[in-house]
Every structure is written in C-alpha cells, then in structure tokens.
Amino acid sequence: MFSQVQTVSVLGSLALLLVILEFVRKGRLAEEFSLLWILTAGVLLVLSLWRGVLDLLAAAVGIFYPPSALFLVGFGFVLLLILHFSTIVSRLSRENRQLAQALALLRAEFEEAKERK
Amino acid sequence: MNGSGEGIVVLVPAFNEEETVGRVVREAREALPEAAVVVLNDGSVDRTGEEARRAGARVVDLPVNLGIGAAMQTGYRYAAARGFRAAVQVDGDGQHIPSEIPVLLRALEEGADLAVGSRFLDRPSYRAPALRRLGIVFFGAVVTLLTGKRFRDTTSGFRAANRRVIEYFARHYPSDYPEPEAILLLCRAGFRVREVAARFRERGGGHSSITALRGLFYIFKVFLALVMGTLRRPPGAEE
C-alpha cells in the first residue's frame, strides 16, 4: 500500500517528468539539455515507486527515515544540473566574446575599406 | 626605422575615457609618427569613439562591454591579421606615458618577447592607492613564486609585444583582469618576459573600472586563474 509521502513523491516526480517531456516536445527545452533532467526525474520516480531500493539506499548510508534519502538523491541531481549549466554558461560567454570580437574587427575592416575607395 | 614606429601598432583599450583618450592618441602619434594607433572602444557609452577618431586613431568598436582582457585580445587579433611586427599596449585613461614607449621597444630589440613597463624598478615616481598597491605586491609575489622569475609590477598594462607574442595573444589571452595571467601564460609557454622601468602618471580623468568589492573579487579570481594556469599545460606550448 502507498503511504502518503510515497504518493506525493510519485506524483511529484511524475509531474516533473511530464513537464520536461512536454517542454522537449514543444521545443522549449533542447534534447541535449533535457537528458540530465529526464534522468533526474526518472531516478526520483523509480525510487518513489520502488521502496525496496530506497530502503536499501537509506540503510546503506545510515538514514533512518528512507524518504529523506529521496531528498538526498534529488539534491545531488540538482547540484549536478546547476554545475552542468555553469559549464554551459561559461562556454556561451566565451563564444559570445569571440563573436563580439569578430564583429568589431569586421566593422573596422569595413570602415577602412570604405575610406580607401 | 625603429624610432619612427613603422610596422608598430599602439593598442589603446578604452572604456568610457572620453576625457583622456584623445590626449593619449595624440601623444602616441607624436611619440611614434609612423605607428598605427588603434583604440579598442570597449562598449563605451560616452564619446570615447568620437574623441579617438578626432585625434586620428583607428577605432575598433566592440558592440558590448567585454572587459579589458577581451578588448585587448581584439587588438592583438587586429595586429596579427595585419602583420604588425610589434604591438604596444597603452591605457586610454592616460596613466601611461607614450613618450616612454621607446623604452619598451628597446627591450624587444634586446631579445625580450614581451616588455612590461614597471612602476617600481629604480624610478619610484608612482604613488598608488593602498588597495591597488597591495594587489600589485601580492600578484608580484604570486607570479614570482609560480614562474621562478622575479616580477615586481605584474598588473602593469603598459607593455610591448613582438610578433610571436602578438600571434600567441591573438589565440590565447586571459579575460577580465588579464595582466598577471598573461605574464604567467607567456613564461609557461617559453616566451621571454622582461620588466623595464618606466614612468607613470596618476590617472588623468574618468574613474577606475575597479571598485573595492570588485577589486576583492578580481584578486580571488586572478589568484585562482594563476594557480590553475600553473596546473594546466600552457595552450599552444607544443610548437
């Protein structure tokens, strides 16, 4: 029988998964960035449905109240996601810098070419 | 040919320096009549670009403010693409004295790949604010430790680079507060970096782009970058 906390966590992770998939379908979330999100929601859903694994996990790391282990796993994935985004932001800002530089140099070259005419 | 500045480009990074950039450009053209003077207008919202053009500089307008490192690199890309044999960095705020440029160029002729104008070598004419002075001393010590070569003024942006360094900087240049990192990068990649004594002026106008809190942030940022720069293989070192 599902306990209250289990029902909530199943519904919660199911909702998260559906929202993610809907975003991907609509093109609001690119496939390559959605994978880590789908993995996060999927793992949360499996651990919510399958209490045995969660209990084992909780016992293994010494957590007395197994649903707390779910928070731990969820938190770990959230950290992973944020780190992932930080790497993406770093890459984007580097590429943005290179684009701005290229644009500025092209404009200067254009100006010079116009003057020469 | 050397005294006139032929084949030399003077790179002037400027962010909202309308009061001083014109004078810097004129002084640079006076010091090196044959040199090209290029102002790297880093997304200024004042009349920096106009003042620089009026003074006779070529202006590269960055569409947004990228920070001094990326602006400087834009200048090195400009210099690399046009085949200049040497590039001199002179800040747009007027603290560097263009008539001192020949001191830097002489160091290049004597075999240095990068010459850094230092505030503290034998002519102590420069009085800096306390926090800035602390930063200078701190990064001097860190870079000295990490390179094993004595450096006093690693934060100085008054520099001259030869052709090899121009090409290297066009590809690899640190961002934000790049001066100490650039020295470390070159030393690790096997270039010869030399400090030479130069006179400096107090800032002629405008405002420093670094406030106390940002200063602290940059001290940490640059320190981390220096340590990481030591731990990773320098880019392009294999050639």
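In this text the structure is predicted, and so the values were computed from the model without any measurement. (Residues numbered from 1 in each chain as written. Chains lettered and ligands numbered in written order. Predicted model: local features only at pLDDT ≥ 70, side-chain atom pairs only at ≥ 80, totals over all residues. Heavy atoms only, no water.)

**Section: the overall build of chain B**
Okay, so step 1: When helices and strands are tallied, chain B shows eight helices and seven strands.
Okay, so step 2: Each of the 239 residues in chain B was classed as buried or not, and the buried ones make up 56%.
Okay, so step 3: Long-range pairs, those at least 24 residues apart, make up 77% of the contacts in chain B between residues at least 6 apart in sequence.
Okay, so step 4: When the accessible area of chain B is evaluated, it comes to approximately 10,400 Å², of which 54% is carbon and sulfur surface. (Helix = DSSP H or I, 4+ residues; strand = E, 2+ residues; numbered from the N terminus. Buried < 20%, exposed > 50% of the residue type's maximum accessible area, 1.4 Å probe, protein only. Contact = heavy atoms within 4.5 Å. Areas by Shrake-Rupley, 256 points an atom, 1.4 Å probe, with all protein chains shown as cover.)

**Digging into the pattern of salt bridges**
Okay, so step 1: On inspection of all chains with the given rule, the structure shows 21 salt bridges over all chains.
Okay, so step 2: Here B:Arg82 and A:Glu112 are joined by a salt bridge, their closest N and O atoms 3.3 Å apart. In this pair, B:Arg82 is assigned in the loop between α3 (68–81) and β4 (86–89) and A:Glu112 in helix α4 (residues 66–116), connecting two distinct chains.
Okay, so step 3: Between B:Glu27 and B:Arg201 there is a salt bridge whose closest N-O contact spans 3.1 Å. One end of the pair, B:Glu27, is in helix α1 (residues 21–31); the other, B:Arg201, is in the loop between β7 (193–197) and α8 (212–231), with 174 residues separating them in the sequence.
Okay, so step 4: Residue class for B:Arg201 comes out partly exposed when judged on its relative accessible area of 26%.
Okay, so step 5: Look at the salt bridges and you will find they share partners, linking A:Glu112, A:Glu115, A:Arg116, B:Arg58 and B:Arg82 into a network. (Salt bridge = Lys/Arg side-chain N within 4 Å of Asp/Glu carboxyl O.)

**Considering the nonpolar core**
Residue and element names in this part refer to chain B.
Okay, so step 1: If you look at the biggest cluster of nonpolar residues, it comprises 43 residues, and the most contacted ones within it are Leu11, Val60, Tyr76, Leu114, Phe169 and Leu186.
Okay, so step 2: Here this core takes six residues from α3, the largest share from any one element.
Okay, so step 3: If you look at the next biggest cluster of nonpolar residues, it comprises 30 residues, including Val59, Phe158, Val196 and Phe200. (Core = buried A, V, L, I, M, F, W, Y, C linked by side-chain atoms within 4.5 Å.)

**A few points about the sheet that holds strand β1 (residues 8–14) of chain B**
Residue and element names in this part refer to chain B.
Okay, so step 1: Reading across from one edge, β3-β2-β1-β4-β6-β5-β7 is the order of the seven strands in this open sheet, with mixed pairing throughout. Edge positions in the sheet fall to β3 (58–62) and β7, since each of these pairs with one other strand and no more. The sheet shows a mean angle of 20 degrees between the axes of neighbouring strands, taken without regard to direction.
Okay, so step 2: Note: strand β5 (residues 114–118) against β7, five bridges, orientation parallel. Within the sheet, the bridge partner assigned to Ala115 lies in β7 and is Arg194. (Pairing = 2+ DSSP bridges. Axes fitted to C-alpha atoms, helices over the stretch in contact; angles between N-to-C directions.)

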